[in-house]
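Architecture and fold: a report
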Number of protein chains: 12
Amino acid sequence: MAPITSLLTAENKKITGEALQGALLDLLDLSLVGKQAHWNLTGRFFRPIHLQLDDIVKMARKTADLVAERAVAIGVSPDGRATTIANDSQVPHLDAGPIEDGKVIAAMTDILESIIRRMRKRIDATERPDPVSQDLLIGLTRDLEKHHWMIQAQR
Amino acid sequence: MAPITSLLTAENKKITGEALQGALLDLLDLSLVGKQAHWNLTGRFFRPIHLQLDDIVKMARKTADLVAERAVAIGVSPDGRATTIANDSQVPHLDAGPIEDGKVIAAMTDILESIIRRMRKRIDATERPDPVSQDLLIGLTRDLEKHHWMIQAQR
Amino acid sequence: MAPITSLLTAENKKITGEALQGALLDLLDLSLVGKQAHWNLTGRFFRPIHLQLDDIVKMARKTADLVAERAVAIGVSPDGRATTIANDSQVPHLDAGPIEDGKVIAAMTDILESIIRRMRKRIDATERPDPVSQDLLIGLTRDLEKHHWMIQAQR
Amino acid sequence: MAPITSLLTAENKKITGEALQGALLDLLDLSLVGKQAHWNLTGRFFRPIHLQLDDIVKMARKTADLVAERAVAIGVSPDGRATTIANDSQVPHLDAGPIEDGKVIAAMTDILESIIRRMRKRIDATERPDPVSQDLLIGLTRDLEKHHWMIQAQR
Amino acid sequence: MAPITSLLTAENKKITGEALQGALLDLLDLSLVGKQAHWNLTGRFFRPIHLQLDDIVKMARKTADLVAERAVAIGVSPDGRATTIANDSQVPHLDAGPIEDGKVIAAMTDILESIIRRMRKRIDATERPDPVSQDLLIGLTRDLEKHHWMIQAQR
Amino acid sequence: MAPITSLLTAENKKITGEALQGALLDLLDLSLVGKQAHWNLTGRFFRPIHLQLDDIVKMARKTADLVAERAVAIGVSPDGRATTIANDSQVPHLDAGPIEDGKVIAAMTDILESIIRRMRKRIDATERPDPVSQDLLIGLTRDLEKHHWMIQAQR
Amino acid sequence: MAPITSLLTAENKKITGEALQGALLDLLDLSLVGKQAHWNLTGRFFRPIHLQLDDIVKMARKTADLVAERAVAIGVSPDGRATTIANDSQVPHLDAGPIEDGKVIAAMTDILESIIRRMRKRIDATERPDPVSQDLLIGLTRDLEKHHWMIQAQR
Amino acid sequence: MAPITSLLTAENKKITGEALQGALLDLLDLSLVGKQAHWNLTGRFFRPIHLQLDDIVKMARKTADLVAERAVAIGVSPDGRATTIANDSQVPHLDAGPIEDGKVIAAMTDILESIIRRMRKRIDATERPDPVSQDLLIGLTRDLEKHHWMIQAQR
Amino acid sequence: MAPITSLLTAENKKITGEALQGALLDLLDLSLVGKQAHWNLTGRFFRPIHLQLDDIVKMARKTADLVAERAVAIGVSPDGRATTIANDSQVPHLDAGPIEDGKVIAAMTDILESIIRRMRKRIDATERPDPVSQDLLIGLTRDLEKHHWMIQAQR
Amino acid sequence: MAPITSLLTAENKKITGEALQGALLDLLDLSLVGKQAHWNLTGRFFRPIHLQLDDIVKMARKTADLVAERAVAIGVSPDGRATTIANDSQVPHLDAGPIEDGKVIAAMTDILESIIRRMRKRIDATERPDPVSQDLLIGLTRDLEKHHWMIQAQR
Amino acid sequence: MAPITSLLTAENKKITGEALQGALLDLLDLSLVGKQAHWNLTGRFFRPIHLQLDDIVKMARKTADLVAERAVAIGVSPDGRATTIANDSQVPHLDAGPIEDGKVIAAMTDILESIIRRMRKRIDATERPDPVSQDLLIGLTRDLEKHHWMIQAQR
Amino acid sequence: MAPITSLLTAENKKITGEALQGALLDLLDLSLVGKQAHWNLTGRFFRPIHLQLDDIVKMARKTADLVAERAVAIGVSPDGRATTIANDSQVPHLDAGPIEDGKVIAAMTDILESIIRRMRKRIDATERPDPVSQDLLIGLTRDLEKHHWMIQAQR
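In what follows, the accompanying structure is described.

Rules used throughout
- Residues numbered from 1 in each chain as written.
- Chains lettered and ligands numbered in written order.
- Predicted model: local features only at pLDDT ≥ 70, side-chain atom pairs only at ≥ 80, totals over all residues.
- Heavy atoms only, no water.
- Least-squares fit on C-alpha atoms with pLDDT ≥ 70 in both.
- Contact = heavy atoms within 4.5 Å.
- Phe/Tyr/Trp six-rings, centres within 6.5 Å; stacked < 30°, edge-to-face > 60°.
- Helix = DSSP H or I, 4+ residues; strand = E, 2+ residues; numbered from the N terminus.
- Buried < 20%, exposed > 50% of the residue type's maximum accessible area, 1.4 Å probe, protein only.
- Buried area = accessible area lost by both parts, 1.4 Å probe.
- Salt bridge = Lys/Arg side-chain N within 4 Å of Asp/Glu carboxyl O.
- Nonpolar A, V, L, I, M, F, W, Y, C, P; charged D, E, K, R; others polar.
- Polar contact = N/O pair within 3.5 Å; in protein donor to acceptor, adjacent residues only side chain to side chain.

Quick notes on the relation of the copies chain K and chain I
The two copies are related by a screw motion: chain K maps onto chain I through a turn of 120° and a shift of 0.0 Å along the axis, at an RMSD of 0.0 Å. Considering both components of the superposition, the chain copies are consistent with a three-fold axis. Across chain K, the rotation axis passes nearest the C-alpha of K:Asp135, at a separation of 4.7 Å. Here only 6% of the interface residues in chain K have copies in chain I that are interface residues too; the copies meet through unlike faces.

A closer look at the packing of aromatic side chains
Aromatic rings considered in pairs are described by the distance between their centres and by the relative angle of their planes. Taken as a whole and assessed by the stated rule, the structure comprises 24 aromatic pairs over all chains. When the ring of C:Phe46 is compared with that of F:Trp149, the centres are 5.7 Å apart and the planes differ by 75°; the resulting orientation is edge-to-face. Of this pair, C:Phe46 sits in helix α2 (residues 46–73) while F:Trp149 sits in helix α5 (residues 131–152), placing the two residues on different chains. Judged by relative accessible area, C:Phe46 falls into the buried class, the value being 0%.

Looking at the interface of chain K and chain I
Contact with chain K, which involves 17 residues of that partner, is made by 17 residues of chain I. For the chain K and chain I pair, buried surface summed over both sides reaches about 1500 Å², with 57% attributable to carbon and sulfur atoms. Summed over the shared surface of chain K and chain I, the number is four salt bridges. No other element matches helix α2 (residues 46–73) of chain K, which puts five residues into the side of chain K that touches chain I. Classifying every residue of the side of chain K that touches chain I by side-chain character gives 11 nonpolar, one polar and five charged.

Topic: the side chain of H:Thr16
Residue and element names in this part refer to chain H. Tracing the sequence through the fold places Thr-16 in helix α1 (residues 10–40). Reaching out from Thr-16, the side chain makes a polar contact with the backbone oxygen of Asn-12 at a distance of 2.7 Å. Sequence-distant contacts of Thr-16, defined by excluding residues within four places in its chain, comprise Leu-8, Ile-74, Thr-126, Pro-129, Asp-130 and Ser-133.

A closer look at the interface of chain C and chain D
One frequently used descriptor of interface size is the decrease in accessible area upon assembly of the parts. Opposite the 35 residues of chain C that make contact, chain D presents 35 residues. Interface area, chain C with chain D, both sides summed: about 2900 Å², of which 60% is carbon and sulfur. Our enumeration of links across chain C and chain D arrives at two salt bridges. C:Lys35 is the salt-bridge partner of D:Asp65, the closest N and O atoms lying 2.8 Å from each other. At the boundary of chain C with chain D, the tally comes to 18 residue pairs in polar contact (both at pLDDT 80 or more).

What follows is the structure, given as C-alpha cells:
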C-alpha cells in the first residue's frame with residue numbers, strides 16, 4: 001500500500017497536517033453539538049433557532065469533508081472517529097437534556113468563538129507552508145464568523 | 001421549562017426511549033466511521049467504495065435525525081454528543097490511518113451486521129410499547145440491510 | 001353503478017372504514033383551523049408561527065387525501081363536506097378574530113394532542129382488520145407527533 | 001394587541017371586508033366539495049374528471065389563501081372555520097356517497113356558476129371602495145370562469 | 001463466492017423468500033401485461049387509460065426492484081427471467097392483438113385483484129418471520145389497491 | 001437618437017410619468033433601507049426579521065424594475081440614481097448603526113405605510129390617463145400592503 | 001351540443017367577444033410574422049434580434065391562448081384558422097425572402113404599434129361590458145408595450 | 001446583403017427547398033388548426049382530447065421551427081406568413097364554431113394522414129439531394145405517425 | 001373496432017412489422033435479463049457493474065417502448081407478453097442464482113452481440129419498406145453497440 | 001444591546017471596516033448606476049448591453065451583501081443608505097435621461113476602472129489586518145475585472 | 001488485453017474508422033479554435049459573438065465525444081491528442097492575439113464550411129459500410145450547418 | 001482596435017501573463033489527454049476510471065476557461081490553439097491506441113503531479129504581482145491535488 005505523496009516538504013506537511021486535523025475535529029464536533037442543540041432546544045424561540053442550527057450543521061459537515069479530503073491530498077491521514085473527537089476536541093461542552101433557547105444562544109456563541117480563535121491561528125500557521133490549505137481555512141472561517149455574528153446578534 | 005409530553009405510558013416511553021437512544025448512537029457512529037473510511041481508503045477499488053461509503057453516510061445522517069426527533073417527540077431527550085458516542089456506542093472499532101479496500105469491505109460488513117443485530121432487537125422491543133417508533137426502526141433497518149448486502153457482495 | 005369492491009370482510013371493512021372516516025375529519029378540520037390561525041395570528045412571534053402553521057396545513061391536506069383515497073380503495077365512501085366536518089369533528093374549537101401568538105401555541109398543542117389521542121386508538125383498532133390502512137395511520141401519526149413536539153416546545 | 005390598520009375608510013373597509021369574507025367561504029367550500037367529488041367519483045370518465053377536479057381544488061386553495069390574506073391586510077379578520085363554512089356558505093349541496101361522472105359534471109357546473117354569480121357582484125361592489133381587492137377578485141373570477149367552461153363543455 | 005448472509009433463521013428466510021419471489025413474479029408480469037395493454041389499447045377512452053396504464057407499469061417496475069433487492073438482502077436469490085415468469089406467474093392471461101378499452105378495464109380489474117389477493121396472504125405469512133419484508137409488502141399493497149380502485153371505478 | 005414614443009397624449013404621459021417616477025424612488029429607497037435594517041438588526045428576533053426584510057427587498061427590487069421599464073415604455077426616462085433618491089425620496093429616515101428588533105418593526109411599519117399612502121394616490125391619478133400603468137401600481141400595492149400587515153402584526 | 005353559457009348579457013358578450021376575437025388575430029399574426037422575421041433575418045445584428053424575436057413570439061403565443069380561452073369562457077367561439085388570419089388581420093405586411101436587421105427593427109416597430117393601438121381601444125370598449133376580459137387585455141398590452149420599447153430603442 | 005450559401009448543388013437545393021417549404025406549411029397549419037380544435041372542442045371527451053391536441057400543437061411548432069431553420073441553412077428562404085399558409089397549405093379545412101369531440105377525432109385523423117402522405121413523398125424526394133434534410137423529415141414523420149395512431153385509436 | 005391504418009403497403013408493413021416485433025422481444029428480454037444480473041451479481045466489481053446494468057436496463061425499457069409504439073403506428077400489434085418472450089426470444093440464457101462479476105461481463109457481452117447481430121439485419125431489411133422504422137432501429141443499435149463496447153472493455 | 005464582537009484588534013478592525021464600508025458604497029452605487037443605464041439605454045446595441053448590465057447589477061448586489069455582512073461579522077456597522085451613497089460614493093457620475101450605447105460603454109468602462117482601482121488598494125490594506133476580509137475582496141475584484149474586460153472589449 | 005470487437009467487416013471498419021477519426025479531429029479543433037476566438041474577440045459585437053462561440057464549442061465538444069465513442073464501439077481506437085490535432089487537422093488556421101469581431105465572423109464562416117465539406121464526404125463514404133455511424137454524422141452535420149448559417153448571416 | 005487595459009504594471013502583467021498562459025496550456029492538454037484515456041481505456045476497472053476521467057476533464061475545461069478569461073482581463077492574450085499546445089505543453093505524453101487501466105492510473109498520476117509542480121511555482125510567482133490571479137491559481141490547484149490523491153489512491 002503506497003502512501004499518498006504530495007509536493008510539500010516534510011516540515012510543511014507536518015504543520016499543515018496538524019492545522020487540518022485540528023480544524024477537522026472542531027468542525028465535526030460542531031456538527032454533533034449543533035445537532036444536539038437542534039434536537040433538545042426548548043422555548044419561545046424554538047423554530048428560528050432550530051432552523052439556524054441546521055444551517056450551521058450543514059456548513060460544518062460540508063467544510064469538515066473539504067478539510068479531511070485536503071488532509072489526504074497532502075498525504076496526511078485525517079482522524080474523525082468518535083473517540084478521537086471525544087478525546088482531542090477543544091470545543092466547549094454542552095450539557096445533556098433539554099436546553100432553553102437563551103442558553104443555546106449563549107453556548108453557541110462561546111463554541112463558535114472558541115473555534116474561530118483556533119482557526120485564525122491555523123490561518124497564520126499555514127500561510128507559508130501551504131497557501132492552498134490556508135485558502136480553504138480562510139474561506140471556512142468566513143462562514144464561521146458569519147454564523148457567529150448571526151447567533152450573537154440574538155443575545 | 002415544561003417537559004415535552006406524549007401519550008405513551010411511563011413504561012412504554014422508557015422502553016421506546018432506550019431503543020431510540022441506542023439506534024441514534026449506532027447511526028451517528030456509523031456516519032463518523034463511514035466518513036473515516038471514505039477519507040482513508042486506498043486500493044484499486046478506491047472510487048466505487050469511496051462513493052458507496054458516502055451513500056451509507058448520507059443514509060445514516062438522515063435516519064439519525066429522524067430517530068432523534070422521534071425521541072424528543074415522545075418526551076425523551078436524545079444524546080448525540082461525541083463523548084456519549086465514544087463511551088456508549090457498540091459499533092466495532094476502526095483503526096486510524098490509511099486502510100486498504102479489502103479491509104474496508106470486511107470492516108463495514110461487520111459494522112453493519114452489528115448494527116442490524118441490535119436494530120432487530122429494538123424492532124421486537126418496541127412493537128407493543130410504540131408501533132409508531134417501531135415503524136421508523138423497521139424502515140431504516142431495510143436501508144441498513146440493503147447496504148449490508150451491497151457491501152458483502154464484494155467480499 | 002357497481003360499488004368499489006375490496007378483499008376485506010364486511011366486518012373488517014366497517015371497522016377500518018370508521019377509523020379512516022374519523023381520521024379524515026380530524027385532518028380536514030386541522031387543515032381549516034391551521035389556516036384560520038395562520039391568517040389571524042398576531043404578536044412578536046408572528047413570522048415563525050405563521051410559517052410553521054403552513055407546514056402543518058400542508059401535512060394535513062396531503063395526509064387527508066391519502067386517508068380518503070384509502071377509504072375508497074377498500075370500498076368505503078369518505079365524507080369530507082363542510083357540514084359533516086362541522087357536525088362530526090372532535091377537534092377543539094378556535095375563537096373567531098385575531099388571536100395572539102401565545103394562545104395559538106396553546107390551542108394548537110391541544111388540537112394536535114386531541115387528534116393524536118384518537119389516531120392512536122385507530123392504530124390499535126385497525127391492526128387486525130387491515131394492516132395496510134394501519135400502516136398509513138402509523139405513518140401520519142409520526143408526522144402529527146413531530147408537529148406536536150415542535151409546537152409544544154414553544155410553550 | 002393592536003389591531004391591524006389600513007388606509008381604507010371604515011365604510012370602504014366594511015364593504016370590502018364583506019366581499020372578501022364571502023369570497024373566502026365560496027372558495028373554501030369549493031375546495032372541500034371538489035375533493036369530495038374527486039374521491040367519490042365513479043364512471044367511465046373517472047380519470048379525466050378526477051384529475052380536473054384536483055386542478056380546481058388547487059386553484060380554490062391558492063386563491064382562498066390570497067383572499068384571506070387580503071382581508072387581514074385591510075384590517076378585517078377572515079373566518080374560514082368549518083362551522084362558519086357550514087352555516088354561511090351558499091355553495092350548492094353535494095350528496096354523500098359515490099357519485100356518477102355525469103352527475104359530477106352537472107353539479108360542478110351549478111356550483112361554479114353559483115360562485116361566479118356572487119363574485120361578479122363583489123367585483124362591482126369593491127370597484128370604488130378598494131380597487132386593489134377588486135383586482136384580486138377579477139383575477140380569480142377569470143380562473144373560475146375558465147374552469148366553468150371546461151366543465152360545462154363536457155355536458 | 002461467499003453467499004449473502006442475513007440474520008434470519010433458515011425457516012424465516014425460506015418463508016420470507018417465497019413470499020418475495022412470488023411478489024416479484026406478480027409485479028414483473030404486471031409490468032409486462034400493463035405495457036401490452038398500453039400499446040394495444042383501442043377505443044374512445046384510449047388516452048386516459050393509456051396514461052393510467054403507464055402509471056401502473058411505473059409502480060410495478062419500481063416495487064419489483066425493491067422486492068428483488070429485499071430478497072437478495074436476506075440471502076435469497078430472486079428469479080425474474082422471462083421463462084420463470086412465463087412458467088410460474090399466476091397473473092391472469094391477456095389475449096394478443098388489439099384490445100378495446102372496456103375489455104382492458106375488465107382485465108386489469110381482474111389482474112390487480114388477483115395480485116392483491118396473493119399479496120395479502122404474503123403480508124400475513126411474513127409478519128412473524130420478517131417484519132421488515134412485511135412492511136415493504138404492506139406499502140406496495142396500498143399502491144396496488146389504489147390502482148385497483150381507480151381502474152374499477154371505470155367499470 | 002430618436003425618443004421612445006408611445007400612444008399616450010402628452011398630458012396623460014406627464015401624469016403617468018410622475019406617478020411612475022415617484023413609485024420608482026419609493027421602491028428603490030425601500031430596497032436600500034430594507035437591506036440597511038437587514039444588516040444592522042439586533043435582538044432576540046434577529047433571524048425571523050432578518051429573513052422577512054430580505055423578502056421585502058426582493059419584492060422592492062423586482063417591482064422597481066417593472067415600474068422603471070414601464071416608464072421607458074411610455075416614453076418617460078426613469079431616474080434611479082443615488083443622488084436622486086437621496087434628494088427626492090419621501091421614505092422616512094433610518095438612523096445609522098445597529099438597530100434593535102422592536103425599532104425595526106416600528107420603522108418598517110411607518111415606512112411601508114408612508115409608501116402605501118403615496119401609491120394609493122398614484123392609483124387614483126393614473127386611472128384615466130393610463131389603465132395599463134394603473135394595473136401595475138395596483139398589483140404592487142397589494143404586495144406592499146401584505147408586507148405592511150405581516151410587519152405590523154409583530155408590534 | 002349545448003352552447004357554453006356565461007353570465008354576461010347578450011350585448012356585453014357581443015362587445016367583449018369582438019374585442020377578444022380581434023386581439024386573437026393580432027396575436028396569432030404577430031406570432032407568425034415574428035417567426036418569419038426570426039428565420040429570414042440577416043445582418044450584423046442577427047443574433048440579438050433573432051433571440052429577441054423569439055421572446056416576442058413566445059409572448060404572442062401564450063397570450064393568444066389566454067385570449068382564445070377567455071372567448072370560449074364567455075360563450076364566444078374564437079376563430080384562429082389560417083384563412084381567417086389572412087383575411088381579417090390588420091397587422092402590417094412583411095415581404096417574403098431575406099430581410100436585413102434594420103428593416104426588421106422598423107417593421108416590428110410598426111407592427112407592434114399597430115397592434116397596441118387596437119388593444120388600447122379594446123381596453124376602453126370592454127371596461128363596462130366585462131372587467132374580467134379587460135384585465136386580461138390590460139396585462140397583455142403591458143407586455144406588448146414593453147417589447148415595443150425594446151424594439152424601437154434600437155432604431 | 002450576401003445570400004446564405006450552402007454546399008448543395010442548385011438542383012439539389014431546389015428539390016430540398018421545395019420539400020422543406022411544403023413541410024413548413026403543413027406543420028404551421030397543423031399548429032393553427034390544432035389550437036382551433038383545442039379551443040372549440042365540446043363533448044364528454046373534452047379533457048383528454050383538449051390535452052392531446054396541445055401535445056400535437058407543441059410538436060408541430062417545434063418541428064416547424066427545425067424545418068424552417070433547415071431551409072435557411074441550405075440557403076432557401078422559408079415562408080410562413082399567414083397569407084402563404086392560407087393560399088398554399090393542403091391541410092384539410094376545419095369549420096368555424098364549436099365542434100364535437102367525435103368530429104375532432106375524425107378531422108384530425110384526416111389532417112394527420114394528409115400531412116403524413118406528403119411527408120413520405122418528401123422523404124423519398126430528398127434522399128439523394130440532401131440526406132441531412134431527409135433525416136430531419138424522417139424524424140418528424142415518426143412523431144406525426146405516432147400522433148396519427150393515438151388519434152385514430154379513438155375512432 | 002376499426003384497425004389502425006398506415007400508408008405502408010401490405011408487404012412493407014409485414015416486413016417492417018416482423019423486424020419491430022423481433023426488436024421488441026430482444027429489448028424486453030434484455031431488460032429482464034439485465035435486472036436479473038443486476039440483482040444476483042457478486043464479486044469485487046459489484047458496484048460499478050450493478051450500476052452499469054441499470055443503465056442498460058433503462059435504455060432497453062425506453063427503446064422497447066419506442067419500438068412497440070412504432071409497430072402500432074404502422075398498424076401491427078406488438079406482443080410483449082411474458083410467454084411470448086419466453087417462447088420466441090433468441091437472447092442467450094442466464095442461469096438462476098448468484099452470478100460472479102466476471103461471468104456477468106462474459107454473459108452480457110454475448111447477449112449484446114447476439115442482439116446487435118439481429119438488429120443489423122433488421123436495419124437492412126427495413127431500408128426500403130420503411131425508412132422511418134429503419135431510422136429508429138439505427139438509433140437504438142448505436143446505443144446497444146455503445147454498451148457492448150463498455151461491457152467488453154472489462155473482459 | 002450588546003455590540004457584535006470579533007477577534008480582530010481595534011486597529012485591524014478599523015482598517016478592515018473602512019475598506020469594507022468603501023467597497024459597500026462602490027458596489028451599491030454600481031448596482032444603482034447599472035440599473036439606470038439598463039433602463040435608459042438606446043441605440044442599435046440595446047439588447048446585448050441591456051442584458052450585460054443586468055449581469056453586472058446582479059454581481060454588484062450579491063457582493064454588496066457579502067461585504068456588508070462581513071462588516072457586521074467583524075463588529076462594524078455597514079451604512080448603505082441612499083444619503084450615504086449620495087454623499088460618500090466616489091463612483092463617476094451618470095447623466096439623467098436617455099443615453100446612447102456608445103456612451104454607456106465608455107461610462108461603464110470608467111466606472112468599473114474607478115472601482116477596481118480602489119478595490120486593489122483595499123486588498124493591499126487588509127492583507128495583514130484581516131486575511132479573511134481580504135480574500136472576499138480578492139474574489140469580487142476578479143468579478144469586477146472580468147466585467148471591465150467584457151465592457152471595454154466593445155470600445 | 002483483448003481488442004474491442006464489432007460486427008463490421010475489416011473493410012467497412014477501416015472506411016468507417018477513417019471517417020470517424022477525421023470527424024473527431026475536425027470537431028476537437030473546432031472546439032479549441034472556437035474557445036480561442038471566444039477569449040480573444042474584440043469589437044462592438046463582442047457580447048453576442050462571445051456567447052455564440054460558446055454555443056458552437058459546446059456542440060463541438062459533445063459531438064466529438066459521441067464520434068470518439070462510436071469509433072471505439074466499432075473497434076477503432078480514436079486519437080484526440082494535441083499533437084495529432086496539430087499535425088493532421090485540416091481546419092483553417094487562426095492567428096494568435098486579439099481579433100476583431102468582423103474577422104472572427106469571416107474566419108468562423110470559413111472554418112465551418114471547411115468542416116462541413118469534409119463531413120458531407122464522410123456521410124457518403126459511410127452509407128454502405130456502416131449506416132449507424134452515418135446516421136451520427138448526418139445528425140451532427142445538421143448542427144454544423146445551422147451554426148454555419150447563423151454565423152454567415154452576420155457577414 | 002484598442003488593447004484591453006488593466007491596472008497592473010508592465011512587469012507584473014508580464015509575470016502574471018506567463019503564469020496564466022502556462023496554466024492554460026497545462027489545463028487544455030489535461031482536458032485532451034483525459035478524454036484520450038477516457039475513450040481508449042480497457043480493463044476490469046473500466047467503468048470507475050472512465051467516469052473519474054470525465055470528472056477531471058470537466059474540471060480542466062472549466063478552470064482553463066477561468067484562467068484564459070483572467071489573462072484577457074489583465075490585458076494578456078491567451079493562446080489555446082492546437083499547435084501551441086502541441087509545441088509548448090510540458091504535460092507528459094500518452095501513447096496512441098488502447099491503454100490498460102493500470103497504465104492509465106500510472107500515467108494520470110504522473111501527469112497530475114507534473115502539472116501541480118508547475119502550478120505551485122506559479123502560485124509563488126504571482127503572489128506579489130497579482131494576488132487576484134494567484135487566488136485563482138490556488139483554488140484550481142486544490143482541485144488538481146484532490147484528483148491527484150484520488151487517482152494515486154488506486155495504485
